[in-house]
Amino acid sequence: MLTLPFLLADFADENGLVAIGGDLGPERLMQAYRSGVFSWYSENEPICWWSPDPRAIFELDGLHIARRLRRTLRSGGFTVTVDRDFAGVIRGCAQGRTEGTWITPEMIQAYETLHARNYAHSIEVWQEDELAGGLYGVAIGGFFAGESMFSRRRDASKVALVHLMERLRQRGFQLFDIQFLTEHTTRLGAVEIPRSEYLVRLREALAVSAAFI
């Protein structure tokens, strides 16, 4: 088994792969986040650790809110909570994906452990008493790593994202990492920055005293 010091972003290959193996214990996951590395792999594959270059982030003032989403936010049709149903959110993120999921049972257990230790957090969006969507991620100091989001009702995950961004700004967070850029997050305003810049900003964010809850 690999020892903890192997998670160094500077060891990444041209694809961003840092290492293969290890485990998803809380100490290893927290060391990975603090080092600019994250785990991403499919079920029945070994754990892979990544630090891509460039790295995708949301600038905290960079979210694009479309007109329709503004109407949805004003309508009051959704209720938003924080850390009310982490288990429901992470399982919602794992389900219903035609391309498959990287959120394996092992990963669900690992992040529920981080949640119990007050590092992993969820934003829930409710329609009446039903979980309509949400997102989860990891907060350390002034750094937040967004892991995944899901919707069972139109715009529910976007409502969660809007509330997350507001919370991060209000509480003094400095860096919102989303790992890889997708067409969806690009439309929402996400951008890419060089890994070298990301690592500098990560160190600065980790030094900030901010509390998600």
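Check the entry above for the structure.
A brief report on the enclosed structure follows. None of these values were measured; they are calculated from a predicted model.

Overview of the overall build of the protein
Phase 1: Along the backbone of the protein there are 7 helices and 10 strands.
Phase 2: Its C-alpha radius of gyration of 17 Å places the protein within 12% of the 17 Å reference for a compact globule of 213 residues.
Phase 3: For the protein, the proportion of its 213 residues judged to be buried stands at 52%.
Phase 4: Long-range pairs, those at least 24 residues apart, make up 72% of the contacts in the protein between residues at least 6 apart in sequence.
Phase 5: The averaged location of the 27 negative side-chain charges in the protein is 8 Å from the averaged location of its 23 positive side-chain charges.

Thoughts on the nonpolar core
Phase 1: Counting residues in hydrophobic clusters, the biggest one holds 46 residues, and the most contacted among them are Leu24, Trp49, Ile103, Tyr111, Tyr136, Phe143 and Tyr198.
Phase 2: Sequence-distant contacts of Tyr111, defined by excluding residues within four places in its chain, comprise Leu29, Tyr33, Ser39, Phe86, Ile90, Ala120, Tyr136, Val138 and Glu147.
Phase 3: One finds Leu63, Ile123, Val125 and Phe176 within the second-largest nonpolar core, a separate group that totals 27 residues.

Considering the environment of Arg84
Phase 1: Within the secondary structure, Arg84 is located in the loop between strand E5 (79–82) and helix H3 (86–94).
Phase 2: Each C-alpha atom, one on Arg84 and one on Glu124, is 7.1 Å from the other, the two residues being 40 residues apart in sequence.
Phase 3: Apart from residues no more than four positions distant in its own chain, Arg84 is found in contact with Ser122, Glu124 and Trp126.

Cut-offs and rules
Residue indices follow the written sequence of each chain, beginning from 1 at its first position. Totals for whole chains, interfaces and linings use every residue, but because this is a predicted model, local features are given only for residues with pLDDT of at least 70 and side-chain atom pairs only at 80 or more, for both listing and counting. Excluded from the side-chain calculation are hydrogens and water; included are all heavy atoms of the structure. Per the convention used, a helix needs a DSSP run of H or I reaching at least four residues, while a strand needs a run of E reaching at least two, with both numbered from the N terminus. Radius of gyration here uses only the C-alpha atoms, and the compact-globule reference equals 2.2 Å multiplied by the residue count raised to the power 0.38. Think of it in three bands: residues with accessible area under 20% of the maximum for their type are buried, residues over 50% are exposed, and the middle band is partly exposed, with areas taken using a 1.4 Å probe on protein chains only. It only takes one pair of heavy atoms within 4.5 Å for two residues to be counted as in contact. Residues scored as charged are limited to Lys and Arg (positive) and Asp and Glu (negative), so that His and the chain ends carry no count. Where a charge sits is defined by one atom per residue type, namely NZ (Lys), CZ (Arg), CG (Asp) or CD (Glu). Among buried residues, the Ala, Val, Leu, Ile, Met, Phe, Trp, Tyr and Cys ones that are joined through side-chain atoms within 4.5 Å form a nonpolar core.

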